[in-house]
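The chain contents come next:
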Amino acid sequence: MSQSHTLLPTALWQERLFTGEWRAGASTSAVVEPATGAELGRVALADPALIASQAAAAAQAQKAWAALPYDERAKVLRKAACLAEDHADEIASWVVRESGSIQMKAGFEVAVTIKALHEASGLPSRSAGEVLPSEPGRLSLARRRPLGVVGVIAPFNFPLYLAMRAVAPSLALGNAVVLKPDPRTAVCGGVAIARLFELAGLPAGVLQVLPGDGAVGAAITSDPHIAMIHFTGSTAAGRKVGEAASRNLKKVSLELGGKNSLIVLDDADLDLAIANTAWGVYLHQGQICMSAGRVLVQRGIYDSFVQQLTAKARSLKVGNPLQGEVQIGPLINAAQRDRALRVIESATQAGAVLEVGGTHEGLFLAPTVLSGVTPENPAFHEEIFGPVAVVIPFDTDADAARLANDTEYGLSMAILSRDVGRALQLGESLHTGLLHINDQTVNDEVVNPFGGVGASGNGSSIGGSANWEEFTQWQWLTVKGQAPAYPF
Ligand SMILES: NC(=O)c1ccc[n+]([C@@H]2O[C@H](COP(=O)([O-])OP(=O)(O)OC[C@H]3O[C@@H](n4cnc5c(N)ncnc54)[C@H](O)[C@@H]3O)[C@@H](O)[C@H]2O)c1
Ligand SMILES: O=S(=O)(O)c1ccc(CO)cc1
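Thresholds, definitions, all that
Residues numbered from 1 in each chain as written. Chains lettered and ligands numbered in written order. Predicted model: local features only at pLDDT ≥ 70, side-chain atom pairs only at ≥ 80, totals over all residues. Heavy atoms only, no water. Near = heavy atom within 4 Å. Polar contact = N/O pair within 3.5 Å; in protein donor to acceptor, adjacent residues only side chain to side chain. Areas by Shrake-Rupley, 256 points an atom, 1.4 Å probe, with all protein chains shown as cover. Nonpolar A, V, L, I, M, F, W, Y, C, P; charged D, E, K, R; others polar. Domains from an automatic or database assignment. Contact = heavy atoms within 4.5 Å. Salt bridge = Lys/Arg side-chain N within 4 Å of Asp/Glu carboxyl O. Helix = DSSP H or I, 4+ residues; strand = E, 2+ residues; numbered from the N terminus. Buried < 20%, exposed > 50% of the residue type's maximum accessible area, 1.4 Å probe, protein only. Phe/Tyr/Trp six-rings, centres within 6.5 Å; stacked < 30°, edge-to-face > 60°. Lys NZ or Arg CZ within 6 Å of the ring centre and 35° of its normal. Expected span 1.5 Å × (residues − 1).

1. Things to note about the site of ligand 1
Contacts to ligand 1 come from 28 residues, most closely from Ala-154, Ser-234, Leu-256, Cys-289 and Glu-383. In the environment of ligand 1, an oxygen atom lies 2.9 Å from a nitrogen or oxygen atom belonging to the side chain of Lys-180. Note that a nitrogen atom of ligand 1 is positioned 3.3 Å from one of the backbone N or O atoms of Gly-233. Relative to its unbound accessible surface of 820 Å², ligand 1 loses 89% to contact with the protein. Broken down by class, the residue content of the shell around ligand 1 amounts to 11 nonpolar, 9 polar and 8 charged. When residues of the shell around ligand 1 are assigned to domains, at least three fall in each of domain 1 (10-256 + 457-476) and domain 2 (260-437).

Listed below in structure tokens is the structure:
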């Protein structure tokens, strides 16, 4: 890090976490650069006892924060957005080093994060509800009120944005936040967020940034001071979070995994189809919940498609994203790599053809193409979270819909065709929270509602106007000039 970097100086967060001040936690954990294995520092970790004390502190601080004039809250959000703009390169370099992102992905992640902050800064000045029809002489209002403390549990893959997309609107709408970043990405997904709000003037205690493992996340889901949980991560952990939140009567929003189909119809432009597929499958090494986990290709163009996608995969440059332009960086750790390798092996054993890839050097897994995959193949159903194209032939549009819907997930689907009407008709039969015609599956603009169906989430949505509903609750308020005289 050069001297001009001032947002995230190591000395500030080394063995520290953020509770309104920078202080020691219960233990520490190494910040490891996946591309090299180098230790970049050590962050402090919370334990369940710290979650309990800091959730109580957040609940206390929330009252004064929610009572501030709305434009004071907006000002903090605007300031945080400007600070993120000023320090965009420094933040992006941490996203690259800590999460193994290529530079383009890190730049995009910082850009959408800034956009999320700007969008959130508009929430405090929004109308807070509506005037309801009522009996004469009674003013009847439905108004949205903050929930209290929102617990945000975030993953490693888009650590900055997937945390900020919930932290920013929660704060803007008058809530306090307890954020638990994944310990593997606690600097770009936690320290950066703490620093932006600290320097933007957020009152101490309103934001708590407490990295930790699953047990610390579990403590958040049962804490009595926390009113809502926003969770992004695996479906397996999401089920546990959902169970615990329900047991403790908390609102819960679950953004989980996906096995997303990119459908290539036989009238699609083949060159564009290859470019869209490469982006949808290989961006961030496939470690995105919206990644195209299935590529369904119509029989008439199938052979040419597989040939060209294989050539494309071969052409992608794999390497340390810090050193020159590469398209494929490392996976986050050996466990994720081994999981992807296991699926590739079992897929070929079950009859899929390994066209290219399947090899690795350290955490760098070569871009892989598996063709001839059938619904009986493990690669058809398992979310791989690695740079693996799973290519499946189909005959009719109805077959494509049947194959795409043959999954418990329902996050993102996409259709490529020169005939938009045909694609729209096919799209009507797809069970998915996000649907793109003539684009690939990895898409988010911050202002759109974002959420999945089935095992991809519990039907809640985050983003754009959905945030207002998500991070507040209704209160019915009535006012009369004088209390009525009741019959008894
Ligand atoms: N839908 C999405 O937006 C999305 C985003 C990222 C990852 N994923 C999924 O996550 C998988 C791997 O990513 P991961 O290792 O980050 O997932 P994960 O579910 O293990 O972890 C996500 C977050 O949840 C925490 N956590 C784990 N167990 C918990 C528990 N019982 N209670 C509370 N918190 C808990 C983790 O510490 C982390 O902060 C992928 O295979 C993919 O399916 C989904
Ligand atoms: O939840 S994910 O599908 O992984 C995801 C990744 C990136 C973005 C940002 O556009 C949104 C959701």
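2. A look at the domain arrangement of the protein chain
Domain annotation of the protein chain identifies domain 1 (10-256 + 457-476) and domain 2 (260-437). Computed over C-alpha atoms, the centres of domain 1 and domain 2 are 31 Å apart. Each side of the interface is counted separately: domain 1 has 22 residues, and domain 2 has 25 residues. Where domain 1 touches domain 2, the interface holds 1 salt bridge. The partner of Glu-408 in a salt bridge is Arg-239, and the shortest N-O contact between them spans 3.4 Å. Our enumeration of links across domain 1 and domain 2 arrives at 5 residue pairs in polar contact (both at pLDDT 80 or more). Elements supplying a minimum of two residues to the side of domain 1 that touches domain 2: α4 (88-99), α5 (103-121) and α9 (235-247). No other element matches α4, which puts 4 residues into the side of domain 1 that touches domain 2. Taken together, the residues of the side of domain 1 that touches domain 2 break down into 8 nonpolar, 8 polar and 6 charged.

3. Re the site of ligand 2
Taken together, the residues surrounding ligand 2 are Phe-108, Asn-157, Phe-158, Tyr-161, Leu-162, Arg-165, Ile-288, Cys-289, Met-290, Asp-444 and Phe-450. Residue Asp-444 places a side-chain N or O atom 3.4 Å away from an oxygen atom belonging to ligand 2. Protein contacts shield 98% of the accessible area of ligand 2, which totals 330 Å² for the unbound molecule. Element by element, the count of residues in the shell around ligand 2 is highest for helix α6 (residues 159-172), at 3 residues.

4. Quick look at unusual backbone geometry
Trans peptide bonds make up the majority, and among non-glycine residues the majority have a negative phi. A positive phi angle, close to 60°, is found at Glu-15, a residue other than glycine. Of note, Glu-15 is situated in the loop between α1 (10-13) and β1 (17-18). Of the residues examined, Glu-15 reaches a relative accessible area of 36% and is grouped as partly exposed. Despite not being glycine, Asn-438 shows a phi value in the positive range, around 60°. Secondary-structure assignment places Asn-438 in the loop between β20 (434-437) and α16 (466-470).

5. Topic: the packing of aromatic side chains
Applying the stated criterion to the full structure yields 4 aromatic pairs. Between Trp-13 and Trp-94 the ring centres are 5.6 Å apart and the planes differ by 85°, which places this aromatic pair in the edge-to-face class. Linking Trp-13 in helix α1 with Trp-94 in helix α4, this pair joins segments that are 81 residues apart in sequence. There is no split in this pair, since Trp-13 and Trp-94 are both buried. Consider the rings of Phe-156 and Phe-385, whose centres lie 6.1 Å apart with planes at 85°: the pair is edge-to-face. Residue Phe-156 is found in the loop between β7 (149-153) and α6, and its partner Phe-385 is found in the loop between α13 (378-381) and β18 (388-394); the two are separated by 229 residues along the sequence. On the accessibility criterion, Phe-156 (6% relative accessible area) is buried. Given a relative accessible area of 12%, Phe-385 falls into the buried group. The ring of Trp-468 is capped by Arg-126, whose NZ or CZ atom sits 4.7 Å from the centre of that ring. Residue placement shows Arg-165 over the ring face of Phe-450; its charged tip is 5.0 Å from the ring centre.

6. Topic: the environment of Val-95
Position of Val-95 among the secondary structure elements: in helix α4. Assessed through its relative accessible area of 0%, Val-95 is described here as buried. The contact partners of Val-95, leaving out residues within four places of it in the chain, are Gly-100, Ser-101, Lys-105, Ala-106, Glu-109 and Cys-188.

7. Some points on helix α10 (residues 270-282)
The end-to-end C-alpha separation of α10 is 18 Å, in line with the 18 Å expected for 13 residues at 1.5 Å each. Those residues of α10 that fall on the buried side of the exposure criterion are Ala-273, Ile-274, Asn-276, Thr-277, Ala-278, Gly-280, Val-281 and Tyr-282. Of the surrounding elements, those touching the buried residues of α10 are β12 (260-264), β13 (292-298), α11 (299-315), β17 (368-371), β18 and β19 (412-416). One side-chain oxygen of the residue at the start of α10 lies 3.0 Å from the amide nitrogen of Asp-271, identifying that residue as Asp-269. A positive phi of about 50° marks His-284, the residue just after α10.

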